[in-house]
Every structure is written in C-alpha cells, then in structure tokens.
Amino acid sequence: TAGMGKSTSAAAFAQMGLAVLTDDVLALRDDGGGFFVQPGLPRVLLWPPSAEALFGSREALPRIVSTWDKRYLDLRQPGYRFADQAAPLRVIYVLGERTDGDGQPVIEALTGTEALMHLIANTYANDLLDTSMRAHELEVLARLMRDISVRRVHSPNDRTAVTRVCEAILADARTVTGA
C-alpha cells in the first residue's frame, strides 16, 4: 500500500510540527565520538497516493517537474520546519513488512547480523567501494551498531495509519533514548 514509506513518514512528522532533517538520502558525519545526521534538502518528495493520504488530494502539492507525477512538500513554507543544522543520531528505524488489518504498529529491536544486514542494504553507492573502502564501511557500521539502537517498524497495511505509526515511533524513541 502506498503511503507508508520513508518519505510519507517524513511528511507526516512535518505535519505533526516536527523539524525534518532529510527525506531520502541520510548523510552521516562520524566525528569519532558520535554520529551526526547532516541536513538534506528542505523538501519531502511524495507520490500522488501519499499526497492524497496526507493532504486530501493528489494535486495538493506541486509536481517536481511537469513530466513526472512525483510531488514535493516545501519544508520552508509556513507551518513546516526544516532542520538545517546537523543533529546527533540516537536511533535508527527500518521499515519492516506491513501487517494485515488496522492494528497497532509493532516496533522491535534488531541486533547482530540482522541489524548489520539492514544497515548494509541501506548504504549508498555500494558498487563504488573498493576492498579497503568496504572494510572501513564495515568498521563504521559495527561501531554504529554498538552505539545506536536499530529498530524495525511493522506498520498496519492501511494508509490512514501513517500518523499512528509516527506517534508510535516517537514514543518508542523517547523510551529508547531516554529523551
């Protein structure tokens, strides 16, 4: 079901009044003492079903370009917040399989090989890494897993549940990070 992915979640968090750091590519800065998320572009890209689910109409948001149906939410417009400063990474959520029905989201901890495989699968430009770069990446990911909780979210297969999923993630993050 459309409307339950990363970008849709980012747009839902924005609607909830939270600042959005990035929509798609998450760039990390490793300063040796912690990991920081670098800000991306001040927009969220959405497919029309997600725009309709969140904003009431497929046409509620402008197209990126006239020849492509993808839409964008400008985070610099009134009522939205773009986080233009790096922020410490405290927890990572990966999207798991959707659950049947309109039940509650399920969030579970990932550890060991399973967490590492999710992190590797979601790194960028894997085909460009030579052997030494790959070794360095694995060292960084191992340290990341040691310092940062990796969690998996199973969302209901119901596009109207996006806000409920975001609220569950926020509650879980508060528990995990103590914030």
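Because the structure is predicted, anything quoted here is derived from the model rather than measured.

### So, the overall build of the protein
- Helix and strand counts for the protein come out as five helices and eight strands.
- Secondary structure elements of the protein, listed N to C terminal, follow the sequence α-β-β-β-α-β-β-β-β-α-α-β-α.
- Relative to a compact globule of 179 residues, whose C-alpha radius of gyration would be 16 Å, the protein shows 17 Å and is just as compact.
- Across its three principal axes, the protein shows a C-alpha extent of roughly 45 × 35 × 30 Å.
- Here the contacts in the protein between residues at least 6 apart in sequence split such that 72% fall between residues at least 24 apart.
- Surface exposure of the protein reaches about 10,100 Å², of which carbon and sulfur atoms provide 52%.

### Things to note about the sheet that holds strand β1 (residues 27–30)
- Pairing is antiparallel across the open sheet formed by three strands, whose spatial order is β1-β2-β5. Strands with a single pairing partner mark the edges of an open sheet, and in this sheet they are β1 and β5 (87–88).
- Pairing of strand β2 (residues 35–38) with β5 involves two bridges; the strand directions are antiparallel. Bridge assignment links F36 to a residue of β5, and that residue is P88.
- On top of the sheet, helix α4 (residues 131–147) reaches β1 and β2; it is set at about 105° to β2, its chief contact.

### A few points about the confidence of the model for the protein
- Per-residue pLDDT for the protein averages 89, and the proportion of residues at 70 or more is 97%.
- Taken element by element, the predicted model of the protein shows its lowest mean pLDDT in α4 (88) and its highest in strand β4 (residues 71–74) (96).

### Looking at the nonpolar core
- A11, V20, V44, L46, L54, L73 and L75 are the most contacted members of the largest nonpolar core, which totals 19 residues.
- Taken together, the elements giving at least two residues each to this core come down to α1 (6–15), β3 (43–46), α2 (48–55) and α5 (162–177).
- With five residues, the top contributor of residues to this core is α1.
- Ranked by size, the runner-up nonpolar core spans 15 residues in total, among them I92, L119, V140 and L144.

### Quick word on α1
- Summarising burial for α1: eight of the 10 residues are buried, a large majority.
- Those residues of α1 that sit buried are S7, T8, S9, A10, A11, A12, F13 and A14.
- Directly beyond the C-terminal end of α1, a positive phi value near 95° is found at G17.

### With respect to the sheet that holds strand β7 (residues 106–110)
- Overall, mixed pairing links the three strands, which are arranged β6-β8-β7 in an open sheet. Looking at the sheet topology across the chains shown, the edges are occupied by β6 (91–95) and β7. Each strand of the sheet is rotated relative to its neighbour by a mean of 30°, with strand direction disregarded.
- Taken together, the five bridges between β7 and strand β8 (residues 149–154) define a ladder with antiparallel strand orientation. Counterpart to V106 in the pairing with β8 is H154.

### Concerning the environment of G34
- In this structure, G34 sits in the loop between β1 and β2.
- Measuring from C-alpha to C-alpha, the distance between G34 and W47 comes to 34 Å, with 13 residues separating the pair along the chain.

### A closer look at the packing of aromatic side chains
- In the structure shown here, the tally under the stated rule is one aromatic pair.
- Between W47 and W68, the ring centres sit 5.6 Å apart and the planes meet at 90°, which makes this aromatic pair edge-to-face. Of the two residues, W47 sits in the loop between β3 and α2 while W68 sits in the loop between α2 and β4, which places them 21 residues apart along the sequence.
- When its relative accessible area of 42% is taken as the criterion, W47 is described as partly exposed.

How each quantity is defined
- Residues numbered from 1 in each chain as written.
- Predicted model: local features only at pLDDT ≥ 70, side-chain atom pairs only at ≥ 80, totals over all residues.
- Heavy atoms only, no water.
- Helix = DSSP H or I, 4+ residues; strand = E, 2+ residues; numbered from the N terminus.
- Rg over C-alpha atoms; globule rule 2.2 N^0.38 Å.
- Contact = heavy atoms within 4.5 Å.
- Areas by Shrake-Rupley, 256 points an atom, 1.4 Å probe, with all protein chains shown as cover.
- Pairing = 2+ DSSP bridges.
- Axes fitted to C-alpha atoms, helices over the stretch in contact; angles between N-to-C directions.
- pLDDT = per-residue confidence, 0-100.
- Core = buried A, V, L, I, M, F, W, Y, C linked by side-chain atoms within 4.5 Å.
- Buried < 20%, exposed > 50% of the residue type's maximum accessible area, 1.4 Å probe, protein only.
- Phe/Tyr/Trp six-rings, centres within 6.5 Å; stacked < 30°, edge-to-face > 60°.

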